[in-house]
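Residue-level structure breakdown
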Amino acid sequence: MAKQVTTVSEEGYSATNEIRDFETTIDATGEEAPDTLEALLAAYASCYVPALRVGGEQRGAGDLGRVEIESTGDLNDDDKLESVSFDIRVEADVDDETADEVIERANELCKVHDALKSDLYAETSFESGAF
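The following refers to the structure shown. This is a predicted model, so every value here is computed, not measured.

Take the pattern of salt bridges next. Enumeration over the complete set of coordinates arrives at six salt bridges. One salt bridge in this structure joins Arg105 and Glu108, with 2.9 Å as the shortest N-O distance. Here Glu108 and Arg105 lie together in helix 2 (residues 96–109), a separation of three residues that amounts to about one turn. Residue Arg105 is classed as buried on the basis of its relative accessible area, which comes to 18%. The exposure class of Glu108 is partly exposed, given its relative accessible area of 49%. Among the ionic pairs, Asp114 bridges to Lys117, the shortest N-O distance being 2.9 Å.

Here it is, written out as structure tokens:
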């Protein structure tokens, strides 16, 4: 099984992404749409929500109710992502020990968390004169 996204940029730094029957725009400058790192943070947190929900069920916290994640991506001097932090708020009343277990399980389940490993690189090919 594979996932496929087609990204097209006619000019400038904005790109349209075709994902199945959906379309989203990402603008590297952040002027016309979320920038690339904001899109990454959104994808990471969006993946982390269901991981938290499953982790809550599996680790005895039950239904977490409303889940809100404030994602922060700290940048280095080259404006590249240096670290990510999540401030997680849930509606359910969960003790600290159980919360730690839920987070540990969410880290195991979140596919974006797993994808951010240092040994994952895109294999590339380059075709000139294609259009």
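Moving on from the coordinates now.
Now for the side chain of Thr98. Mapped onto the fold, Thr98 is located in helix 2. Those residues in contact with Thr98, other than ones at most four positions away along the chain, are Arg59, Gly60 and Ala61.

Its place among the elements puts Asn17 in strand 2 (residues 14–19). Residue class for Asn17 comes out buried when judged on its relative accessible area of 9%. A polar contact of 2.6 Å, which involves the side chain of Asn17, links it to the side chain of Thr7.

Turning to helix 1 (residues 36–58), a few remarks are in order. Because each turn of an α-helix spans 3.6 residues, side chains separated by three or four positions end up pointing in the same direction. Here helix 1 contains 23 residues, and its C-alpha end-to-end distance of 33 Å stays within 8% of the 33 Å for a straight helix at 1.5 Å per residue. Turning to helix 1, its buried residues number three or more, namely Leu41, Tyr44, Ala45, Cys47, Tyr48, Ala51, Leu52, Gly55 and Gly56. Looking at the buried residues of helix 1, the elements they touch are strand 4 (67–75), strand 5 (81–90), helix 2 and helix 3 (111–115). Two to three positions downstream of the cap, the backbone nitrogen of Leu37 sits 3.0 Å from a side-chain oxygen, assigning the N-cap of helix 1 to Asp35. Backbone geometry just after helix 1 places Gly60 at a positive phi near 85°.

Taken in spatial order, the three strands of this open sheet run 1-2-3, and their pairing is antiparallel. Each of the sheet's edge strands pairs with one partner strand only, and the pair in question is strand 1 (6–8) and strand 3 (22–27). Neighbour-to-neighbour, the strand axes of the sheet open up by a mean angle of 25°, direction not taken into account. Bridging between strand 2 and strand 3 involves six bridges; their strand directions are antiparallel. Its bridge partner lying in strand 3, Ala15 is registered against Ile26.

Moving on to a negative patch on the surface. Side chains of Asp93, Asp95, Asp96, Glu97, Asp100, Glu101 and Glu104 sit close together on the surface and give a patch of like negative charge. Tracing the sequence through the fold places Asp95 in the loop between strand 5 and helix 2. By relative accessible area, Asp95 is classed as partly exposed at 46%.

Our next topic: the layout of surface pockets. In this structure, the largest pocket occupies an estimated 540 Å³ of space. Lining of the largest pocket is provided by Met1, Ala2, Lys3, Gln4, Val5, Ile19, Arg20, Phe22, Ala43, Ser46, Lys111 and Val112. Looking at the lining of the largest pocket residue by residue, the classes come out as seven nonpolar, two polar and three charged. As a volume, the second largest pocket reaches approximately 170 Å³. Every residue along the wall of the second largest pocket is listed here: Leu52, Ala61, Leu64, Phe86, Ile88, Val90, Val94, Ala99, Val102 and Ile103. Residue assignment for the lining of the second largest pocket shows that the elements contributing at least two residues are strand 5 and helix 2. Across the lining of the second largest pocket, the residue classes break down as ten nonpolar, no polar and no charged.

Criteria and thresholds
Residues numbered from 1 in each chain as written. Predicted model: local features only at pLDDT ≥ 70, side-chain atom pairs only at ≥ 80, totals over all residues. Heavy atoms only, no water. Salt bridge = Lys/Arg side-chain N within 4 Å of Asp/Glu carboxyl O. Helix = DSSP H or I, 4+ residues; strand = E, 2+ residues; numbered from the N terminus. Buried < 20%, exposed > 50% of the residue type's maximum accessible area, 1.4 Å probe, protein only. Contact = heavy atoms within 4.5 Å. Polar contact = N/O pair within 3.5 Å; in protein donor to acceptor, adjacent residues only side chain to side chain. Expected span 1.5 Å × (residues − 1). Pairing = 2+ DSSP bridges. Axes fitted to C-alpha atoms, helices over the stretch in contact; angles between N-to-C directions. Patch = residues over 30% accessible without salt bridge, like charges linked within 9 Å, V, L, I, M, F, W, Y side chains within 5 Å. Areas by Shrake-Rupley, 256 points an atom, 1.4 Å probe, with all protein chains shown as cover. Lys, Arg positive; Asp, Glu negative; His and termini not counted. Charge placed at Lys NZ, Arg CZ, Asp CG, Glu CD. 1 Å grid on protein atoms, 1.4 Å probe; cavity = no way out; pocket = protein on both sides within 12 Å on 5 of 7 lines; lining within 4 Å. Points joined across faces, edges and corners; volume = space filled by probe spheres on them. Nonpolar A, V, L, I, M, F, W, Y, C, P; charged D, E, K, R; others polar.

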